[in-house]
Amino acid sequence: MRRTHAALAALVALSLALSLSSACNKGTPPTAEQPKAPDAEVRQDPAPAAAAAAPAAPSSGAPAPGPAAGTSRVSESQFELAIAPSGAYQAGKEGMVQVVLDAKPPFHVNDQYPIKFKAKEGPGVKFAAAVVGKDKAKVEKQKATMPVAFVPESAGQHTVAGQFLFSVCTDENCLMEKRDLSLVVDVK
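Residues numbered from 1 in each chain as written. Predicted model: local features only at pLDDT ≥ 70, side-chain atom pairs only at ≥ 80, totals over all residues. Heavy atoms only, no water.

## Examining the packing of aromatic side chains
Next up, step 1: Within this structure, the stated rule accounts for three aromatic pairs.
Next up, step 2: Here the aromatic rings of Tyr89 and Phe150 are separated by 5.3 Å at their centres, their planes lie at 45°, and the arrangement is tilted. Taken together, the positions of Tyr89 in the loop between strand E3 (79-86) and strand E4 (95-103) and Phe150 in strand E10 (residues 143-152) put the pair 61 residues apart, joining distant regions of the chain. Just as Tyr89 is buried, Phe150 falls in that class too.
Next up, step 3: Ring geometry for Phe164 and Phe166: centres 5.4 Å apart, planes at 25°, overall stacked. Just as Phe164 is buried, Phe166 falls in that class too.
Next up, step 4: Taken together through their ring pairs, the aromatic side chains of Phe79, Phe164 and Phe166 make up a single cluster. (Phe/Tyr/Trp six-rings, centres within 6.5 Å; stacked < 30°, edge-to-face > 60°. Helix = DSSP H or I, 4+ residues; strand = E, 2+ residues; numbered from the N terminus. Buried < 20%, exposed > 50% of the residue type's maximum accessible area, 1.4 Å probe, protein only.)

## A closer look at the state of the cysteines
What makes a disulfide is a covalent bond joining the sulfur atoms belonging to two cysteines.
Next up, step 1: Scanning the entire structure with this criterion turns up one disulfide.
Next up, step 2: Disulfide pairing places Cys169 opposite Cys174 at an S-S distance of 2.1 Å. An S-S torsion of about 105° defines the bridge between Cys169 and Cys174 as right-handed.
Next up, step 3: According to the relative accessible area criterion, Cys169 is buried, its value standing at 2%. (Disulfide = S-S within 2.5 Å.)

## Brief notes about the pairing of E4
Next up, step 1: Sheet analysis places E3 next to E4, joined by eight bridges and oriented antiparallel. In the sheet register, Phe79 faces E4, and the bridge partner there is Ala103.
Next up, step 2: Inspection of the sheet shows E4 paired to E10 by eight bridges, in the antiparallel sense. The partner of Val100 across the bridge, within E10, is Thr145. (Pairing = 2+ DSSP bridges.)

## Here we look at the nonpolar core
Next up, step 1: Counting 33 residues, the largest nonpolar core has Leu81, Val99, Leu101, Phe117, Met146 and Phe164 as its most contacted members.
Next up, step 2: For this core, the secondary-structure elements that each account for two or more residues are E3, E4, strand E6 (116-120), strand E7 (125-127), E10, strand E11 (156-169) and strand E12 (174-187).
Next up, step 3: Apart from the residues lying within four places of it in its own chain, the contact partners of Phe117 are Ile83, Val99, Phe127, Ala130, Val131, Val132, Met146, Val148, Ala161, Gly162, Gln163 and Phe164. (Core = buried A, V, L, I, M, F, W, Y, C linked by side-chain atoms within 4.5 Å. Contact = heavy atoms within 4.5 Å.)

## Notes on the side chain of Glu177
Next up, step 1: Relative to the elements of secondary structure, Glu177 occurs in strand E12.
Next up, step 2: Look at Glu177 and you get buried, because its relative accessible area is 2%.
Next up, step 3: Reaching out from Glu177, the side chain makes a polar contact with the side chain of Arg179 at a distance of 2.9 Å. (Polar contact = N/O pair within 3.5 Å; in protein donor to acceptor, adjacent residues only side chain to side chain.)

## A look at the environment of Leu183
Next up, step 1: Within the element layout of this structure, Leu183 appears in strand E12.
Next up, step 2: Judged by its relative accessible area of 4%, Leu183 falls in the buried class.

## Topic: unusual backbone geometry
Next up, step 1: For the bond running from Pro105 to Pro106, omega is 10°, close enough to zero to count as cis.
Next up, step 2: With respect to the helices and strands, the residue Pro106 is situated in the loop between E4 and strand E5 (108-109).

What follows is the structure in structure tokens.
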């Protein structure tokens, strides 16, 4: 009789483990957004190449960008995430930055997850939308690219910042992540 109970308990445990491991592949987007503590290196790019090559903008009397939470590049064992400039920036005219997520094998971008960028307005920067949704992103198996539109109000350096929410998966497991990103741009 003890053997029967032990075998039944092992069968129930195995069944539960199999049903939990296949939950990621059911096509249902995750409902909770729980951040994971970074387990790898986080790098701050001191200045994007485009900004480094551009001459310094004359002082316009606009406030200097304050310290922003976040970084322009995050590198972890499951993914690389970056916010990068896209073109030149002029005061009063819409500009773009690109948020790029690269999943590292065996991980892939979870195309069922509602990825988004929650903009954080700062001095001299107005965003076209407070939240940029998945409908604006190009989502591929290993990569997601999201353009984020903003308008710099004056010449000088301004910080474009926000929080990117996303998910990467393996065949067995999905991770729901959010990371703060920021990028200093030079505006003419």
